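# Structure assessment
In case you want the letters, here they are:
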Amino acid sequence: MIFRRRDAPRPSTDGAFLRAADGALSTTAARIMSGASRLAVIVARAGDETLCCGALIHAAARGGARVDVICLTQGEETVRARHDETADGLACLAPDAKLHWIGEPEETLPARGRHFDMLARRLQPLIAPEAAVLLPWPGEPCADLARGHALGRAAMAADRAALCYLAEARFLPKAQVPHGLRLLTAPPASIAAKRRAMSRHSGRCGELAASGRTPPAMLEHFLQHPELYLPG
């Protein structure tokens, strides 16, 4: 069942997508999964699976779905620590989930060419044919996120459906909001699991806050405001 939200929490920050969310439709994890037995989440940066999709991952896993998280990049100086905190965070959401590391240096994902094709081929066997797929939105201002979308799509059949999640793009002051924006209605247990998972990402959250692109108020926003998804 999909219904129009009339009681969406007021966002702690502003942006074109957040303004559009006031009139968006709500959906549930069960409807997003549509009976799929697996969920594949492709992220360009470790931690985005929790920040952007944590409630959905938890709800899908509680519903019996197997979860695969495929992380495309890693920071060169904090590899071990980032692996550990990402695994710990994912365990809070889906204890039986599998975490796959592609290992490209951050801010170096290719947009095209031989290396792009090679990475797409590496992704193909990690995306189960029966899985519902989540990708970064292609309009994200971060190049790695936008290229992560392109890599995910290149690894899939052209006619295969996917959903896009919103990360930094949700705060863009001006953006062309595509049709089909959905807000996830997640149970309290999934929100609580997401908060526990985010607490494991102290390194990643510290990096985001230090960058100035995602201050602490915005990080809290990801817990206070529903997750946003678009057809992809």
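A short tour of the structure in this document, coming up. (Residues numbered from 1 in each chain as written. Predicted model: local features only at pLDDT ≥ 70, side-chain atom pairs only at ≥ 80, totals over all residues. Heavy atoms only, no water.)

## Examining the packing of aromatic side chains
Applying the stated criterion to the full structure yields two aromatic pairs. Between Phe17 and Trp137, the aromatic rings sit 5.1 Å apart at their centres with planes inclined by 80°, giving edge-to-face as the arrangement. Here Phe17 is found in helix 1 (residues 16-21), whereas its partner Trp137 is found in the loop between strand 6 (131-136) and helix 6 (143-154), with 120 residues between them in sequence. A relative accessible area of 12% means that Trp137 is categorised as buried. Between the aromatic rings of Phe171 and Phe222, the centroid separation amounts to 5.8 Å while the plane-to-plane angle is 85°, which identifies the pairing as edge-to-face. Taken together, the residues span a long stretch of sequence, with Phe171 in the loop between strand 7 (163-165) and strand 8 (182-184) and Phe222 in helix 9 (residues 216-224) at a distance of 51 residues. Summarising the burial analysis for this pair, Phe171 and Phe222 share the class buried. (Phe/Tyr/Trp six-rings, centres within 6.5 Å; stacked < 30°, edge-to-face > 60°. Helix = DSSP H or I, 4+ residues; strand = E, 2+ residues; numbered from the N terminus. Buried < 20%, exposed > 50% of the residue type's maximum accessible area, 1.4 Å probe, protein only.)

## Regarding the pairing of strand 3 (residues 38-43)
Within strand 3, six of the six residues are buried, leaving the element largely enclosed by the surrounding structure. Every second residue of strand 3 is oriented toward a common face, with Arg38, Ala40 and Ile42 on one face and Leu39, Val41 and Val43 on the other, all of them buried. In terms of strand pairing, strand 3 meets strand 4 (residues 66-74) through six bridges, oriented parallel. Residue pairing in the sheet places Ala40 in a bridge with Asp68 of strand 4. (Pairing = 2+ DSSP bridges.)

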